[in-house]
Amino acid sequence: QVQLVESGGGLVQPGGSLRLSCAASGDIRSINAMGWYRQAPGKERELVADISRGLRANYADSVKGRFTISRDNAKNTVYLQMNSLKPEDTAVYYCQAYIATLSVPSDLYWGQGTQVTVSS
């Protein structure tokens, strides 16, 4: 079994910062792309940022220049540094990863989500 466990969400004032972490554990052979998605109330889930195993990053236009995605392949962990947060960044943030196990060449896994609330 593979698990993705997120941490680091919370309440922050506009202009503040938060750092999300997502650690993968279980019967992992390798991890390919990893990413962060978010879903605000009444809206569809959307891509925030993703990063390849080779550390090539891709960002949604709405977060470019404010958010930074990174990963530590040795720790099977992906991070999202969020700066200059705005109220419209309020959402549940989900970690996603394409993971190969000993029994499955590649499959898509999701974390349980962590709430980020930006409010004064």
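Scoring rules and cut-offs
- Residues numbered from 1 in each chain as written.
- Predicted model: local features only at pLDDT ≥ 70, side-chain atom pairs only at ≥ 80, totals over all residues.
- Heavy atoms only, no water.
- Helix = DSSP H or I, 4+ residues; strand = E, 2+ residues; numbered from the N terminus.
- Buried < 20%, exposed > 50% of the residue type's maximum accessible area, 1.4 Å probe, protein only.
- Polar contact = N/O pair within 3.5 Å; in protein donor to acceptor, adjacent residues only side chain to side chain.
- Contact = heavy atoms within 4.5 Å.
- Salt bridge = Lys/Arg side-chain N within 4 Å of Asp/Glu carboxyl O.
- Pairing = 2+ DSSP bridges.
- Axes fitted to C-alpha atoms, helices over the stretch in contact; angles between N-to-C directions.

Visitor: Where do I start with the side chain of Arg66 in this structure?
Guide: Following the sequence through the fold, Arg66 ends up in the loop between strand 6 (57-59) and strand 7 (67-72). Arg66 gets classed as buried once you look at its relative accessible area, which sits at 10%. Only 3.0 Å separates the side chain of Arg66 from the backbone oxygen of Ser84, close enough to count as a polar contact. Here the side chain of Arg66 touches Asp89 through a polar contact of 2.7 Å, side chain to side chain. When neighbours within four sequence positions are excluded, Arg66 is seen to be in contact with Gln81, Met82, Asn83, Ser84, Leu85, Lys86 and Asp89.

Visitor: Got a minute to help me understand the pattern of salt bridges in this structure?
Guide: For side chains of opposite charge, pairing can occur when their charged atoms come near one another. The full count for this structure, using the stated rule, is four salt bridges. Residues Arg38 and Asp89 are paired through a salt bridge, measuring 3.0 Å at the closest nitrogen-oxygen approach. Placement of the pair is Arg38 in strand 4 (residues 28-39) and Asp89 in the loop between strand 8 (77-82) and strand 9 (91-101), with a sequence separation of 51 residues.

Visitor: What exactly am I supposed to notice about the environment of Ala97 here?
Guide: Counting through the fold element by element, Ala97 comes out in strand 9. According to the relative accessible area criterion, Ala97 is buried, its value standing at 0%. Leave out the neighbours within four places in its chain, and Ala97 touches Leu4, Ile31, Ala33, Met34, Asp107, Leu108 and Tyr109.

Visitor: Would you mind going over the pairing of strand 3 (residues 18-26) with me for this structure?
Guide: Side-chain direction in a regular strand flips from residue to residue, so the side chains alternate between the two faces of the sheet. Relative to strand 3, strand 1 (residues 2-7) is paired through six bridges, and the arrangement is antiparallel. Directly across from Ser7, in strand 3, lies its bridge partner Ser21. Looking at chain direction, strand 3 and strand 8 are connected through six bridges and run antiparallel. Bridge assignment links Ala23 to a residue of strand 8, and that residue is Thr77.

Visitor: Mind showing me how you'd approach the sheet that holds strand 7 here?
Guide: Each strand in a sheet pairs with another by means of backbone hydrogen bonds, the pair being arranged parallel or else antiparallel. Pairing is antiparallel in the open sheet, where four strands are placed in the order 1-3-8-7. The two strands at the open ends of the sheet, each matched to only one other strand, are strand 1 and strand 7. When strand polarity is set aside, the average angle formed by the axes of neighbouring strands in this sheet is 15°. Sheet topology note: the strand 7/strand 8 ladder contains six bridges and is antiparallel. Note on strand 8: the bridge partner recorded for Thr68 is Gln81.

Visitor: Can you help me understand unusual backbone geometry in this one?
Guide: Note: most peptide bonds trans; most residues except glycine with negative phi. Positive phi values are uncommon outside glycine, yet Leu55 reaches one of about 75°. Within the element layout of this structure, Leu55 appears in the loop between strand 5 (46-51) and strand 6. Exposure remark for Leu55: the relative accessible area of 49% places this residue in the partly exposed category. Despite not being glycine, Ser84 shows a phi value in the positive range, around 50°. Looking at the element boundaries, Ser84 is found in the loop between strand 8 and strand 9. The partly exposed category is assigned to Ser84, whose relative accessible area is 40%.

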